[in-house]
Amino acid sequence: MQQAYRYAVLYFLAFSLLLLVSSLLLFDDKIGLSVHGVLEYYLGNEDKFLVEKSWGTILKIILPHIFAFGLFFMVVLHFLLFTKHRTTQLFIKLTYAIFIMGFLELFSPYFIIMGLEFFAYVKLVSFISLELLLLYTLWLLLSSIYQH
């Protein structure tokens, strides 16, 4: 691997790690890492002055995320194509898992406001799974930089 490419990937990995940590902190601060917190955030709570989210409100939240998620996933997985993992089943499984978890994480709020409270679990599991899958992918990239 060329030295310039290593530096570019290393910088990208550092900023990606900051992105994942900040998203975890914001999710915990805004929604919370509990099913009750997810339900309160989307269905509202009069005691805490939380307004129930509407279809339009959720769309305003996820619209910029759709593009950002897709672009971020594409770049991370594109970098992974330049490693020894490009021809493995791991690459294919990671690709599908990341996009499925991203899709569930983005669109599960619609099911929550439709009254399907089970999707609060889906929202939490997909968010945490997505974070872990991306961390694992970043680790694969980092380890590939320093392989000879």
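All values reported here derive from a predicted model rather than from experimental measurement.

Undergrad: Summarise the overall build of the chain; cite the residues concerned and give the values.
TA: For the chain, the count of helices and strands is five helices and zero strands. Its helices and strands in sequence order give the chain the pattern α-α-α-α-α, from N to C terminus. Projecting the C-alpha coordinates of the chain onto the three principal axes gives extents of approximately 60 × 25 × 25 Å. Burial statistics for the chain: of 148 residues in total, 38% are counted as buried. Here the contacts in the chain between residues at least 6 apart in sequence split such that 72% fall between residues at least 24 apart. Counting 9 positive and 9 negative side-chain charges, the chain places the averaged centre of each group 19 Å from the other.

Undergrad: Please set out the nonpolar core residue by residue, giving values where relevant.
TA: Side chains of nonpolar character tend, in soluble globular proteins, to be buried together. Within the largest apolar cluster, 39 residues are counted, with the highest numbers of intra-cluster contacts made by Tyr-42 and Ile-98. For this core, the secondary-structure elements that each account for two or more residues are helix 1 (3-30), helix 2 (35-43), helix 3 (55-80), helix 4 (89-113) and helix 5 (119-145). Per-element tally for this core: the top contributor is helix 5, with twelve residues. Setting aside its immediate chain neighbours within four residues, Tyr-42 contacts Ile-31, Glu-52, Lys-53, Ile-58, Pro-109, Ile-112, Ile-113 and Lys-123.

Undergrad: Got a sec to walk through the side chain of Glu-131? Specific residues and values, please.
TA: Within the secondary structure layout, Glu-131 lies in helix 5. Although Glu-131 lies buried, it forms no salt bridge, and the closest oppositely charged side chain, Lys-123, sits 11 Å away as judged by the N-O distance. Side chain to side chain, Glu-131 and Ser-23 meet in a polar contact 2.5 Å long. Residues in contact with Glu-131, not counting those within four places in the same chain, are Leu-20, Ser-23 and Leu-24.

Undergrad: Requested: an account of a nonpolar patch on the surface, with residues and values cited.
TA: The grouping of Leu-17, Val-21, Leu-24, Leu-25, Leu-33, Ile-128, Leu-132 and Leu-135 at the surface amounts to a nonpolar patch, some 680 Å² of accessible area in total. Of all the elements in the fold, those that place two or more residues in the nonpolar patch are helix 1 and helix 5. Residue position: Leu-135 is located in helix 5. What makes Leu-135 partly exposed here is its relative accessible area of 35%.

Undergrad: Give a detailed account of the pattern of salt bridges, specifying residues and quantitative values.
TA: Under the defined criterion, the tally for this structure stands at two salt bridges. The shortest N-O distance in the salt bridge between Glu-40 and Lys-48 comes to 3.1 Å. Across the pair Glu-105 and Lys-123 runs a salt bridge whose closest N-O atoms are separated by 2.7 Å. Within this pair, whereas Glu-105 is found in helix 4, its partner Lys-123 is found in helix 5, the two being separated by 18 residues in sequence.

Undergrad: Any details on the packing of helix 3 against helix 5? Residues and values, ideally.
TA: Where helix 3 contacts helix 5, the axes come no closer than 9 Å and their chain directions differ by 30°. Two packed elements cross with a definite hand, and for helix 3 against helix 5 that hand is left-handed. Contacts between helix 3 and helix 5 involve Phe-69, Phe-72, Phe-73, Val-76, Phe-79 and Leu-80 from the first element and Leu-130, Leu-134, Thr-137, Leu-138, Leu-140 and Leu-141 from the second. When grouped by side-chain class, the residues that make up the contact of helix 3 with helix 5 number eleven nonpolar, one polar and no charged.

Thresholds applied
- Residues numbered from 1 in each chain as written.
- Predicted model: local features only at pLDDT ≥ 70, side-chain atom pairs only at ≥ 80, totals over all residues.
- Heavy atoms only, no water.
- Helix = DSSP H or I, 4+ residues; strand = E, 2+ residues; numbered from the N terminus.
- Buried < 20%, exposed > 50% of the residue type's maximum accessible area, 1.4 Å probe, protein only.
- Contact = heavy atoms within 4.5 Å.
- Lys, Arg positive; Asp, Glu negative; His and termini not counted.
- Charge placed at Lys NZ, Arg CZ, Asp CG, Glu CD.
- Core = buried A, V, L, I, M, F, W, Y, C linked by side-chain atoms within 4.5 Å.
- Salt bridge = Lys/Arg side-chain N within 4 Å of Asp/Glu carboxyl O.
- Polar contact = N/O pair within 3.5 Å; in protein donor to acceptor, adjacent residues only side chain to side chain.
- Patch = residues over 30% accessible without salt bridge, like charges linked within 9 Å, V, L, I, M, F, W, Y side chains within 5 Å.
- Areas by Shrake-Rupley, 256 points an atom, 1.4 Å probe, with all protein chains shown as cover.
- Axes fitted to C-alpha atoms, helices over the stretch in contact; angles between N-to-C directions.
- Left-handed = near helix turned anticlockwise from the far one by under 90°.
- Nonpolar A, V, L, I, M, F, W, Y, C, P; charged D, E, K, R; others polar.

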